[in-house]
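# Chains, contacts and geometry: an overview
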Number of protein chains: 2
Amino acid sequence: MTSQTLEVIKTTTHKPKPDPEALGFGKYFTDHMLLIDYHSDKGWYHPRIVPYEPLTLDPAAMVFHYGQTVFEGLKAYKDHDENVRLFRPEENMKRLNRSNERLSIPTLDEKETLSYIKELVRLEKDWIPTAAGKSLYIRPFVINTEASLSVAPSKTYTFLVILSPVGSYYSEGIDPVSIFVEDFYTRAAPGGTGYAKTAGNYSAAYKAQERAVEHQRSQVLWLDGLEKKYVEEVGSMNVFFKIDGEIHTPEINGTILEGVTRKSVIELLRSWDLPVHERRIAMDDLIQAHQNGTLEEAFGTGTAAVISPIGILDYKGTEYTINNNKTGDISNRLHNAITGIQTGRLEDPFGWTTVL
Amino acid sequence: MTSQTLEVIKTTTHKPKPDPEALGFGKYFTDHMLLIDYHSDKGWYHPRIVPYEPLTLDPAAMVFHYGQTVFEGLKAYKDHDENVRLFRPEENMKRLNRSNERLSIPTLDEKETLSYIKELVRLEKDWIPTAAGKSLYIRPFVINTEASLSVAPSKTYTFLVILSPVGSYYSEGIDPVSIFVEDFYTRAAPGGTGYAKTAGNYSAAYKAQERAVEHQRSQVLWLDGLEKKYVEEVGSMNVFFKIDGEIHTPEINGTILEGVTRKSVIELLRSWDLPVHERRIAMDDLIQAHQNGTLEEAFGTGTAAVISPIGILDYKGTEYTINNNKTGDISNRLHNAITGIQTGRLEDPFGWTTVL
């Protein structure tokens, strides 16, 4: 993609802003969206911001059949001085291209694409909610658009960005969630698409989520696809455990998503001189630590929920309660630190913040 | 779905029919399509045949993000008496619902849905090509349409059927293809979506297909996701081997697709008193059979290609030529029998044919 001029077509009809107390997650969308088209003869072309409107696609468009799609998720915050802040957006652009690569989608110029996203967020800054826990969720995504039933990569794609003012992802907020350890369904196996943010990984997980709900649990803890022995991730979050004063999290191995919040949590913990071990974690070792009394905390991390403490693990019919089903100190401290940096309430010693 | 009246809105502008010699696969579409909507409050409703036209979807429609999609593929043929024939369409309807079930999509009434598909094919019967190897490909599919970024099953879906006059799927036709045995990428693991016809399985395979092409091979032979030792399927076909006079094919195990052509091939072979073993097949055993001179034939089976002989296996850098890279007797006999029954050229002793 050579440097191109961003076309901006503004809407003449602004939507009413939703009630900030009833935002939910990804239910309301702002007045504009960003699009960039791709054709195999031209590369990525015609970046443009246009009024938010439906997409028109041939019923044979490959996205409906063979789903070469990837997406990202990040958030914009408004600080007390009305500055708009993004949290490590370069990391999302990098991961977008890693996902593209896995799905045989042409990569985007990260800097240029990010500059267009910033332009869109600037235009929609009045949509950024300011109350605690609320933000403007940014959803970049790519779809394959060629009208052909041939099982092959598409010749045409569209990259889009839509924006949604959001509240907390989980109704529990920072309260602990109870988790069903999934030992039948598989999220990802080595050589698969586990590390990519692609549609197929999400819809494939719904059966497991149904099973968790049947067991009165709100989320799934995924085990590895090969032996169903090692911990991978929680729902759509990375997972951390505090055992005997030290922090453990599954290593990046190709099957789990490389979360931006995960990375930030590791860097924060190390800056606090807390040892963090990125390693293969056997479920049996967690059970043993629980029995020893050394499994002190567990929590998930992700852009949507930030930090989500885990109060209960339900594994093979036994319920393991962690930290008396209360939010632990580390979870609280991490939540406070990350949301503090994201919203500008706290200093950012890491250079994670982009102020627009 | 209670029995509902099919609405039919006919087009006033008929497209020109494509050159039968340049059909390709899934490039041209007929004048009409079938749609049925779903809402969680109403179930499946409003079956209708309408002019083929673009779909209009919110950019937040879940299909673009979390891809709860399934599809089917079957073919309509015209016989010498101008009768329209379908090949075992009930099997496709059953598999559609197995896929729906895996993707947490509400199932469809199989009989009623098939009756609508038949109605669509009847309406478009002038689009069915009659030359050898050509047919009208029928593509039923389901997409999730709710505009929400919440990672959860959609409340709304649309079931569609589009029709495409097609030629042979592979340019090789019934000539042998050369196959790269994929030992890095994974198509499916136990507990995953391998047995479902869902978008994610297809786009995830493109990287492996790229790798096959880099090795000058036209297709991939998938190995199992756990140990990369056992044969699963070829590209998007099931796979069969003739070893020492008997036929072997991977057993249905949750990771491979349960092909309608696979099932028909097994039933045909058994009707010819040829032993068929559905079992786990180690790649090493195939290599040994090749070295013994007992690996006599190999072929893929699928709706698109029917029978596709395998002339060469490229495994860990060694090329194994099968049957002198010629189409084998069993492949020829099966191809002749199945296409004969499909097109009405041969008697159908199995009751596989639906004449419209």
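Residues numbered from 1 in each chain as written. Chains lettered and ligands numbered in written order. Predicted model: local features only at pLDDT ≥ 70, side-chain atom pairs only at ≥ 80, totals over all residues. Heavy atoms only, no water.

## Details of the overall build of chain A
Here is the rule: Only runs of H or I of at least four residues qualify as helices and only runs of E of at least two qualify as strands under DSSP, and these elements are numbered from the N terminus. We take the radius of gyration over the C-alpha atoms and set the globule estimate at 2.2 Å times the residue count to the 0.38 power. Per-residue and other accessible areas were derived by the Shrake-Rupley procedure at a 1.4 Å probe size, with only the shown protein chains allowed to occlude residues. Asp and Glu count as negative and Lys and Arg as positive, but His and the ends of the chain are not part of the count. Charge coordinates come from a single atom per side chain, which is NZ of Lys, CZ of Arg, CG of Asp or CD of Glu.
When you go through chain A residue by residue, the secondary structure sums to 7 helices and 19 strands. By the compact-globule yardstick of 21 Å for 356 residues, chain A fits well, its C-alpha radius of gyration being 21 Å. Here the C-alpha coordinates of chain A stretch approximately 60 × 50 × 35 Å along the principal axes. Looking at chain A as shown, the accessible area adds up to about 13500 Å², and 46% of this sits on carbon and sulfur atoms. Averaged over its 38 positive side-chain charges, chain A has a centre that lies 1 Å from the centre of its 48 negative ones.

## Considering the interface of chain B and chain A
Quick reminder of the rule: The contact definition used throughout considers only heavy atoms, calling two residues in contact when any of these lie within 4.5 Å. As used here, buried area is the combined drop in accessible area, with a 1.4 Å probe, of two parts when they are placed together. Each reported salt bridge corresponds to a side-chain nitrogen of Lys or Arg within 4 Å of a carboxyl oxygen of Asp or Glu. The definition of a polar contact used here is a pair of N or O atoms within 3.5 Å, where within protein one atom must be able to donate a hydrogen and the other to accept one, and adjacent residues in sequence count solely through side-chain atom pairs. Polarity classes work like this: nonpolar for Ala, Val, Leu, Ile, Met, Phe, Trp, Tyr, Cys and Pro, charged for Asp, Glu, Lys and Arg, and polar for all others, with Gly in that last group. The rule for pairing is simple: two strands pair if DSSP sees at least two bridges between them.
If you look at the interface, chain B gives 57 residues, while chain A gives 57 residues. The contact between chain B and chain A buries some 4800 Å² in all, and 61% of this surface belongs to carbon and sulfur atoms. In this structure, the connection of chain B to chain A is made through 2 salt bridges. The partner of B:Glu101 in a salt bridge is A:Lys207, with the nearest N and O atoms 2.9 Å apart. The tally of links from chain B across to chain A stands at 26 residue pairs in polar contact (both at pLDDT 80 or more). Elements supplying a minimum of two residues to the side of chain B that touches chain A: strand E4 (55-57), helix H1 (89-102), strand E8 (135-144), helix H3 (199-203) and helix H4 (206-214) of chain B. Residue composition of the side of chain B that touches chain A, grouped by class: 33 nonpolar, 16 polar and 8 charged. Bridge count for strand E4 (residues 55-57) of chain A against E4(B) is 3 bridges, and the pairing is antiparallel. Across the sheet, the residue bridging to A:Leu55 is B:Leu57, located in E4(B).

## Overview of the packing of aromatic side chains
Which entries qualify depends on this criterion: Only Phe, Tyr and Trp rings take part, Trp by its six-membered ring, and two of them pair if their centres are within 6.5 Å. Stacked means planes under 30 degrees apart, edge-to-face means over 60, and tilted covers everything else. Partly exposed residues are those whose accessible area sits between 20% and 50% of the maximum for their type, while under 20% is buried and over 50% is exposed, using a 1.4 Å probe and protein chains only. Lysine and arginine charges are scored as sitting over a ring when NZ or CZ, respectively, is within 6 Å of the ring centre and within 35 degrees of the ring normal.
With the rule as written, the count across this model stands at 25 aromatic pairs over all chains. Ring centres of A:Phe71 and B:Tyr66 lie 5.5 Å apart, and the angle between their planes is 85°; on these two criteria the pair is classed as edge-to-face. Placement of A:Phe71 in strand E5 (residues 70-71) and of B:Tyr66 in the loop between E4 and strand E5 (70-71) is noted, with the two residues assigned to different chains. With respect to class, A:Phe71 is no different from B:Tyr66; both count as buried. An aromatic cluster of at least three residues, connected via ring pairs, comprises A:Phe64, A:Phe141, B:Phe64 and B:Phe141. Across the ring face of A:Tyr230, the terminal group of A:Arg280 is positioned such that the distance to the ring centre comes to 3.9 Å. Over the ring of B:Tyr52 we find B:Lys15; its NZ or CZ atom is 4.3 Å from the centre of that ring.

## Some points on the relation of the copies chain B and chain A
Just so we agree on the cut-off: For this overlay, a least-squares fit was computed on C-alpha atoms, restricted to residues scoring pLDDT of at least 70 in both copies.
For the match of chain B to chain A, the screw axis carries a shift of 0.0 Å, the RMSD comes to 0.0 Å, and the turn is 180°. On this basis, the relationship between the two copies can be described by a two-fold rotation axis.

## Overview of unusual backbone geometry
All names here are of chain B. Phi angles above zero are rare outside glycine, and glutamate 82 is one such case at about 65°. Structurally, the position occupied by glutamate 82 is in the loop between strand E6 (74-78) and strand E7 (84-87). A positive phi angle is found at valine 306, which is not glycine, with a value near 65°. Structurally, the position occupied by valine 306 is in strand E17 (residues 306-315).

## Considering helix H2 (residues 110-123) of chain B
Working note: α-helix, 3.6 residues per turn, so residues spaced by three or four point in the same direction. Residues and elements named next belong to chain B. Spelled out, the test is: Every helix has an expected span of 1.5 Å times one less than the residues it contains.
Its 14 residues give H2 an end-to-end C-alpha distance of 20 Å, which sits within 8% of 20 Å, the value for a rise of 1.5 Å per residue. Buried within H2 we find Glu112, Thr113, Leu114, Tyr116, Ile117, Leu120 and Val121. For H2, the side-chain oxygen to backbone nitrogen distance between the N-cap and lysine 111 is 3.2 Å, and the N-cap itself is aspartate 109.

## A look at the nonpolar core
Stated formally: Residues belong to a common nonpolar core when they are buried Ala, Val, Leu, Ile, Met, Phe, Trp, Tyr or Cys residues joined through side-chain atoms within 4.5 Å.
A:Met33, A:Phe64, A:Ile143, B:Met33, B:Phe64 and B:Ile143 are the most contacted members of the largest nonpolar core, which totals 50 residues. Once you skip the residues sitting within four places of it in the chain, A:Ile143 turns out to touch A:Leu55, A:Leu57, A:Val63, A:Gln68, A:Thr69, A:Thr156, A:Tyr157, A:Thr158, A:Leu160 and B:Phe64.

## Quick look at the domain arrangement of chain A
All names here are of chain A. The test is simple: Note that the domain bounds were set by an automatic or database domain assignment.
One can read the domain layout of chain A as domain 1 (7-166) and domain 2 (177-343). Centre-to-centre separation of domain 1 and domain 2, based on C-alpha positions: 27 Å. Facing 23 residues of domain 1, the contacting portion of domain 2 comprises 23 residues. Taken together, the two surfaces of domain 1 and domain 2 that pack against each other cover about 2000 Å², and 55% of this comes from carbon and sulfur. Of all residues in domain 1, Phe87, Arg95 and Arg102 bury the most surface against domain 2, accounting for 32% of the area lost on that side. At the surface where domain 1 touches domain 2, the tally comes to 3 salt bridges. With its nearest N and O atoms 3.7 Å apart, the salt bridge here joins arginine 98 to glutamate 258. The element contributing the most residues to the side of domain 1 that touches domain 2 is helix H1 (residues 89-102), with 6 residues.

## Some points on the side chain of B:Asp37
Its location among the elements puts B:Asp37 in strand E2 (residues 32-39). Among residues more than four places away in sequence, those in contact with B:Asp37 are B:Gly43, B:Trp44, B:Tyr45, B:His46, B:Arg48, B:Tyr157 and B:Thr158.

## Here's the deal with the environment of B:Asn92
Secondary-structure assignment places B:Asn92 in helix H1. In the structure, B:Asn92 is positioned 29 residues away from B:Val63 in sequence and 22 Å away in space, judged by C-alpha atoms.

## As for the pattern of salt bridges
All chains considered together, the criterion is met by 44 salt bridges over all chains. Note that A:Glu296 is salt-bridged to A:Lys242, the shortest N-O span being 3.5 Å. Taken as a pair, A:Glu296 in strand E16 (residues 295-302) and A:Lys242 in strand E13 (residues 238-243) lie far apart in primary sequence, 54 residues in all. The class for A:Lys242 is buried, based on a relative accessible area of 18%. Among the salt bridges present, the one from B:Arg187 reaches B:Glu233, with a minimum N-O distance of 3.5 Å. Taken together, the residues B:Arg187 in the loop between strand E10 (177-182) and H3 and B:Glu233 in strand E12 (residues 231-234) connect sequence positions 46 residues apart. For B:Arg187, a relative accessible area of 12% translates into the label buried. Look at B:Glu233 and you get buried, because its relative accessible area is 3%. Through salt bridges with shared partners, a single network forms among A:Glu182, A:Asp183, A:Arg211 and A:Lys316.

## Considerations on helix H5 (residues 260-271) of chain B
Residue and element names in this part refer to chain B. Look at H5: 17 Å from first C-alpha to last across 12 residues, which is about the 16 Å you get at 1.5 Å a residue. Where H5 is concerned, the buried positions are Val260, Thr261, Arg262, Ser264, Val265, Ile266, Leu268 and Leu269. Where H5 ends, the next residue or the one after it, aspartate 273, has phi of about 60°, a positive value.

## A look at the side chain of A:Thr113
Here A:Thr113 lies in helix H2 (residues 110-123). Here the side chain of A:Thr113 touches A:Asp109 through a polar contact of 2.6 Å, landing on its backbone oxygen.

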